[in-house]
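# Analysis of the macromolecular model
If you want the building blocks of each chain, they are given just below.
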Amino acid sequence: MKALLVGEYREGKLLDTIYELVAFAGKTGADTAFCLIGDAKNVPNFGGTLYLADVVKYGEYNPDLHKKLILAAIKIENPDFVVFSHSSYGWDLAPRVAANLKIAQISEVVDINDGSFEVGCCNGKMRRTVKPATNRVVITVQSGAFSIQKVPQGIPTVVALDVDCASKIEFLGYEPVEAKDVDLGKAEVIVSAGRGIGKKDNVQVIAALAKALGGELGASRPVVDAGWVEHSHQVGTTGQTVSPKLYVACGISGAIQHLAGMKKTDFIVAINKDKDAPIGEIADVFVIADVMQFVPVLTAKLLK
Amino acid sequence: MKLLVCIKQVPDMDSHFKANESGDWFSETDLAYRMNEYDEYAVEQAVQLREQLGEGSDLTVLSIGPDRVVETIKKALAMGCDRGVHIQDPYVHKKDPWQVASIIVSYAQDKKFDLIFTGMQSQDRGSAQVGVTVAELLDYNSVTTLVDFEYADGAIKVKRELEGGLKGVVRMRLPALVTCQLGLNVPRYPTLPNIMKAKRKEIEAVSVSSIPNEEPLASSNRFYPPIKRGGGVVLEGEVADIAEKLIGILKEKTTVLR
């Protein structure tokens with residue numbers, strides 16, 4: 001068995017999510033090779049074959065060209081698995097590779113057992129198993145689902161990749177992250193509002209609990225999208241990653257993108273009326289109650 | 001200009017899910033259905049572009065599924081789509097992303113759509129494959145995870161959402177397909193006059209067996225809740241009592257309450 005692991009560069013840096021792909025490959029027992037549209041001066045620690053194309057020539061984002069380069073690497077390497085992170089890069093690119101080879105793609109894999117892949121579904125509340133009908137399979141791996149104890153060592157043997165670089169897609173660059181007026185990264189206590197609070201007016205109830213606990217207000221993505229709370233308060237993969245001593249999730253179901261941003265918390269309290277909410281999986285205390293009934297009572301008792 | 005938006009009807013994600021009899025997907029009993037949340041943003045963006053283009057442009061909304069999906073198509077029509085297409089398939093939940101994409105392609109390939117909108121993923125399956133696969137099969141340019149969209153002079157300029165709040169700016173010419181992320185716009189609520197107007201809009205019914213169907217590349221076999229990690233304390237009951245209990249636990253287990 002062979003796995004071709006496709007890594008990712010962002011603003012000149014190799015993302016270390018590549019080592020999660022190594023952990024995934026380790027679990028399948030496959031031999032690994034890497035494929036990167038990257039920089040020869042900034043390669044992963046690894047003793048095997050690295051298919052490398054120059055990121056200056058092909059751009060950090062150009063799925064059209066990256067697809068062609070990865071297809072060229074697949075042709076030489078002949079892997080059983082072509083593995084990406086389930087990230088903005090991976091979910092954009094993986095289906096292009098799979099469709100061109102007419103092979104199965106399995107998205108957001110969290111585990112693998114006897115050739116059957118376990119993936120999340122229904123907003124992370126449920127799981128299903130998927131079995132490919134093709135010998136070669138494209139995989140995207142859920143962020144954080146596989147981790148390795150030790151970063152591999154060694155210097156890779158580079159095989160240079162080159163394709164015609166005419167493209168119909170133009171990458172114009174990055175737009176920087178909005179300036180943050182709150183640094184949640186340093187907060188000891190964060191109390192976050194989720195969609196379960198019901199309406200914008202209720203944000204103040206959650207903010208009052210945050211104040212009573214001496215902490216900061218956080219928010220889940222839907223609450224920020226709805227304009228109830230500023231983006232600078234957003235916790236999750238597209239917001240801030242936090243590691244407070246106490247995190248109180250109020251009416252947050254616990255989408256994987258949110259959990260990825262707060263699971264390093266020492267102690268997690270979740271308040272939700274849906275007892276199946278995925279946040280319950282990682283909570284130290286799971287309060288099954290209507291958030292707008294429970295929170296004011298809790299705040300009042302704390303202030304007494 | 002011809003526009004297409006592809007939407008899916010999904011169960012309300014607050015539902016309690018149980019496996020069906022064959023154990024491979026959820027039981028439909030007691031579920032309420034709605035438009036996939038990501039698709040609401042796709043419909044809104046398509047309708048905004050339709051309004052920008054005005055006369056001479058046409059926006060089709062397509063959905064695959066059993067008869068109940070007509071309700072979701074009607075919502076998209078009430079939001080401002082011009083016509084609907086219902087690909088009748090009571091077994092669409094048994095199909096893999098490759099098959100779903102190929103059904104859309106079978107319908108779309110001779111229609112010469114200039115721009116196709118889809119959600120970034122469905123809330124129930126969440127594969128994030130169908131949109132991009134449609135584009136590959138039609139040989140269209142495509143870009144995923146849109147949080148900003150502009151159209152001018154036969155080209156689109158979009159912003160993609162990346163991890164950590166960074167955005168990638170991308171430009172491409174039409175024909176193209178885009179997949180829409182949450183927060184791209186503010187999806188409108190259909191007004192009563194528009195709901196009434198939508199009743200007169202055409203919904204073309206196409207039987208899935210009347211168009212070419214591909215064999216699956218993968219099968220979904222078992223549907224089940226995640227294994228409980230355990231260890232967490234569950235508090236349930238009278239609000240005042242559980243608030244007291246929670247404060248007790250926080251005093252004992254954390255250093256934040258003094």
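Let me begin by describing the structure that accompanies this report. Please read all numbers here as calculations on a predicted model, not as lab measurements.

This paragraph deals with helix α4 (residues 130-138) of chain B. All names here are of chain B. Where burial is concerned, most of α4 is hidden: eight out of the nine residues are buried. For α4, every residue scored as buried is listed here: Val-130, Gly-131, Val-132, Thr-133, Val-134, Ala-135, Glu-136 and Leu-137. Downstream of α4 by a residue or two, Asp-139 has a phi angle that is positive, lying close to 60 degrees.

Angle between the axes and distance between the axes are the two parameters that describe a pair of packed helices. Residue and element names in this part refer to chain A. Where helix α5 (residues 203-212) meets helix α9 (residues 291-303), the axes come as close as 9 Å, and the angle between the chain directions of the two elements is 30 degrees. When the axes of α5 and α9 are compared, the pair comes out roughly parallel. Handedness of the crossing formed by α5 with α9: left-handed. Counting all contacts with α5, which are made through Val-205, Ile-206, Ala-208, Leu-209 and Ala-212, the residues of α9 involved are Met-292, Val-295, Pro-296, Leu-298, Thr-299, Leu-302 and Leu-303.

Turning to the nonpolar core, a few remarks are in order. With 121 residues, the main nonpolar core has A:Leu4, A:Leu5, A:Val83, B:Val5 and B:Val43 as its most contacted residues. If we ignore the near neighbours within four places in the chain, the residues touching A:Leu5 are A:Ile18, A:Leu21, A:Val22, A:Ala25, A:Thr32, A:Phe34, A:Cys35 and A:Val83. Judged by nonpolar contacts, the second largest core, of 49 residues, contains A:Ile252, A:Ile279, A:Phe286 and A:Val291.

Time to look at the interface of chain B and chain A. Of the residues lining the interface, 64 residues belong to chain B; the matching set on chain A comes to 69 residues. Sort the elements by how many residues they give to the side of chain B that touches chain A and helix α6 (residues 239-253) of chain B lands first, with nine residues. The residue inventory of the side of chain B that touches chain A, partitioned by class, reads 29 nonpolar, 19 polar and 16 charged. Pairing geometry for strand β12 (residues 169-175) of chain A and strand β9 (residues 167-173) of chain B, over six bridges, is antiparallel. By the bridge assignment for β9(B), A:Glu175 is matched with B:Lys167.

About the criteria used
Residues numbered from 1 in each chain as written. Chains lettered and ligands numbered in written order. Predicted model: local features only at pLDDT ≥ 70, side-chain atom pairs only at ≥ 80, totals over all residues. Buried ≥ 20, exposed ≤ 12 C-beta atoms within 10 Å, placed from the backbone. Helix = DSSP H or I, 4+ residues; strand = E, 2+ residues; numbered from the N terminus. Axes fitted to C-alpha atoms, helices over the stretch in contact; angles between N-to-C directions. Parallel < 35°, antiparallel > 145°, perpendicular 65-115°, else oblique. Left-handed = near helix turned anticlockwise from the far one by under 90°. Contact = placed C-beta atoms within 7 Å. Core = buried A, V, L, I, M, F, W, Y, C linked by C-beta atoms within 7 Å. Nonpolar A, V, L, I, M, F, W, Y, C, P; charged D, E, K, R; others polar. Pairing = 2+ DSSP bridges.

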